[in-house]
Amino acid sequence: MQKKIISLIIPCFNEEQNVAQAHSHITTFWKTLKYDFDYELVFVDDGSRDSTVLEIEKLAKKDSQVKLVQFSRNFGKEIATTAGIQNCNGDACIMYDADLQYPIEKLPDFLDKWENGADVVVGIRDKKKTNNFVEKFGSMMFYKCANLIAEVEIKAGALDFRLMDRVVIEEFSKFTERGRMTRALIDWLGFKRDYIYYTENERFAGEASYSFDKRVKLAFSTFLSTSLFPLKFAGYLGIWISIITGPLGIIFAINKYMLGDMMNWNTTGATQVGILTAFLIGINLMCMGLISLYIANIHTEVANRPLYVVKNKINLG
Ligand code: UDP
Ligand code: MG
């Protein structure tokens, strides 16, 4: 029987100081595994401006298990991981950062869970040791909002350190949307999941390039790709404004013009105009909401996701 192959997907952006280390780290560790699996290291160069590609080419010359997908420019980590997944040959793949922040010692845990039948094994990171308030607060808000509106649960700390079985790789490769968050798409796919827990290492060398503004952009594209709520927000707001101001306006008008201000509210003309304006804004927003429903439909059609994902078939071709 052929040995199973595990593909390690390693996105690299300016990681010249890390790729050789990552390679030796993984190869050394692999020898200690109880599993007799083959492996390949799929490096994806995401348009590095340093000598990352040269370093990978050097490795590939002496080790045929080293593969390279080189981008023409920087497309971002999400796309780089996607390219790695689409181009790998493994029976399963594991995403691994070039900076060695994911503890390699956890690899056996991923493989154990996979051997026990999990299709997706998700690494959950302990709370990040950061003192940066903006980062902490931003991340908390992101998960709160995302879970409020997303169609699938987004777990805090469930980042890209994950294993995917070949069946999931095949389904994942069918996604065509551009603005994407790899892990959110994997979550959307479902399948049998299991979890492992890990603590992140310090970055081996260099600086993190996944900058703050890249993260903010990613957060937005996650909101847009996992939920249609932002689009429908205007509509909901409009409904609430109209529900509140409509009856309020009527009550004020009855009180003033029919009951001769029986309630002694002394409403001024400005109050009436204010309520009327708010009511009209509400109607306006509701109409925008209606248009949004159509745009939401177009958005879903354009993303062109598979209608459903089949896990297994029996007695069918
Ligand atoms: N990365 C990439 N393209 C980018 C930014 C980052 O392929 O535009 C890679 C990077 O080389 C690393 C991984 O994604 O292997 C994680 O990036 P980084 O360490 O900068 O971010 P963090 O550890 O803060 O998530
Ligand atoms: Mg990192």
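Whatever comes next refers back to the structure up there.
Description of the structure in this document.

Cut-offs applied
Residues numbered from 1 in each chain as written. Chains lettered and ligands numbered in written order. Predicted model: local features only at pLDDT ≥ 70, side-chain atom pairs only at ≥ 80, totals over all residues. Heavy atoms only, no water. Helix = DSSP H or I, 4+ residues; strand = E, 2+ residues; numbered from the N terminus. Buried < 20%, exposed > 50% of the residue type's maximum accessible area, 1.4 Å probe, protein only. Contact = heavy atoms within 4.5 Å. Areas by Shrake-Rupley, 256 points an atom, 1.4 Å probe, with all protein chains shown as cover. Expected span 1.5 Å × (residues − 1). Near = heavy atom within 4 Å. Polar contact = N/O pair within 3.5 Å; in protein donor to acceptor, adjacent residues only side chain to side chain. Donors = N, O, S within 2.8 Å, 3.2 Å for Na, K, Ca; no water. Axes fitted to C-alpha atoms, helices over the stretch in contact; angles between N-to-C directions. Parallel < 35°, antiparallel > 145°, perpendicular 65-115°, else oblique. Left-handed = near helix turned anticlockwise from the far one by under 90°. Nonpolar A, V, L, I, M, F, W, Y, C, P; charged D, E, K, R; others polar. Arc of directions from axis to C-beta. Core = buried A, V, L, I, M, F, W, Y, C linked by side-chain atoms within 4.5 Å. Pairing = 2+ DSSP bridges.

All right, on to the overall build of the protein then. Along the protein, the regular secondary structure elements total ten helices and seven strands. By residue count, 44% of the 317 residues in the protein fall in the buried class. Taking the contacts inside the protein whose residues are at least 6 apart along the sequence as the reference set, 81% of them involve residues at least 24 apart. With an accessible surface of roughly 17900 Å², the protein has 60% of that area assigned to carbon and sulfur atoms.

Bringing helix H9 (residues 229–258) into the picture now. With 30 residues, H9 extends 42 Å between its outermost C-alpha atoms, agreeing within 8% with the 44 Å of an ideal straight helix rising 1.5 Å per residue. Looking at H9, one finds that the buried residues are Ala234, Gly235, Gly238, Ser242, Thr245, Gly246, Phe252 and Asn255. Where H9 is buried, its residues touch helix H10 (269–303). Following H9 by one or two positions, Gly260 has its phi on the positive side, about 60°.

Taken together, 18 residues lie near ligand 1, and Glu15, Asp46, Gln101, Ser209 and Arg215 sit nearest. Within the side chain of Gln101, an N or O atom sits 2.6 Å from an oxygen atom of ligand 1. In isolation ligand 1 has 520 Å² of accessible area, and contact with the protein removes 94% of it. If you list the elements that add at least two residues to the shell around ligand 1, you get strand S1 (5–12) and helix H8 (212–226).

To continue, consider the coordination of the magnesium ion (ligand 2). Donor atoms from the polypeptide that coordinate the magnesium ion (ligand 2) comprise Asp99 (OD) and Gln101 (OE1), at 1.9 Å from the metal. Across the pair, exposure class does not vary: Asp99 and Gln101 are buried alike.

Turning our eyes to something else, we now look at the packing of H9 against H10. To describe two helices that pack against each other, one gives the angle between their axes and the distance between the axes. Orientation of H9 relative to H10, taken along the N-to-C sense of each, is 155°, at an axis distance of 7 Å. The angle between H9 and H10 falls in the class roughly antiparallel. As H9 packs across H10, the resulting crossing turns out to be left-handed. Its residues assigned to classes, the contact of H9 with H10 shows 18 nonpolar, eleven polar and two charged.

Topologically, Leu228 is positioned in the loop between H8 and H9. Along the chain, Leu228 and Ile239 lie eleven residues apart, while their C-alpha atoms are 17 Å from each other. In this structure Leu228 touches Glu151, Ala296, His299 and Thr300, once residues within four positions along its chain are discounted.

Attention now goes to helix H5 (residues 133–149). Helix length check: H5, at 17 residues, gives a terminal C-alpha distance of 24 Å against a target of 24 Å (1.5 Å per residue), a fit within 8%. For H5, the set of buried residues is Phe142, Tyr143, Ala146 and Ile149. Down the axis of H5, the sector holding all buried residues measures 150°, keeping them to one side. Seen from the open side of H5, the exposed residues pointing more than 90 degrees away from its buried face are Phe133, Lys144 and Leu148. Tucked into the core, H5 has its buried residues touching strand S6 (158–165), helix H7 (182–189), H8 and H9.

Among soluble globular proteins, nonpolar side chains are generally buried collectively. Grouped together as the largest cluster of nonpolar side chains are 48 residues, with contacts concentrated most on Trp30, Phe43, Ile94, Tyr96 and Leu111. The biggest single contributor to this core is helix H1 (residues 19–30), with five residues. Setting aside residues up to four positions removed in sequence, Trp30 forms contacts with Ile6, Leu8, Phe37, Asp38, Tyr39 and Leu107.

Burial runs high along strand S5 (residues 120–125): six of the six residues are buried. Here S5 shows no split at all, with Val120, Val122 and Ile124 on one side and Val121, Gly123 and Arg125 on the other all buried. Alignment of S5 against S6, held across four bridges, turns out to be antiparallel. Pairing of Ile124 across the sheet is with Ala158, part of S6.

This part takes up the packing of H5 against H8. Look at H5 against H8: their axes get within 10 Å of each other, and the N-to-C directions meet at 10°. Overall, the two elements H5 and H8 adopt an arrangement that is roughly parallel. For the pair H5 and H8, the contacting residues are Val134, Phe142, Cys145, Ala146 and Ile149 in the first and Phe212, Ala219, Thr222 and Phe223 in the second. In terms of residue class, the contact of H5 with H8 is built from eight nonpolar, one polar and no charged.

The next subject is the sheet that holds S5. The strand order S3-S2-S1-S4-S6-S5-S7 describes an open sheet built from seven strands, whose pairing is mixed. A single partner strand is all that each edge strand has here, and the edge strands are strand S3 (66–70) and strand S7 (193–198). Taken pair by pair, the neighbouring strands of this sheet meet at an average axis angle of 20°, ignoring direction. Pairing between S5 and S7: six bridges, direction parallel. Each bridged residue has a counterpart across the sheet, and for Ile124 the counterpart in S7 is Tyr197. In the packing of H1 onto the sheet, contacts are made with S1, strand S2 (38–45) and S3, and the angle to S2 comes to roughly 165°. Lying over the sheet, H7 contacts strand S4 (92–95), S5, S6 and S7, oriented at roughly 50° with respect to S6.

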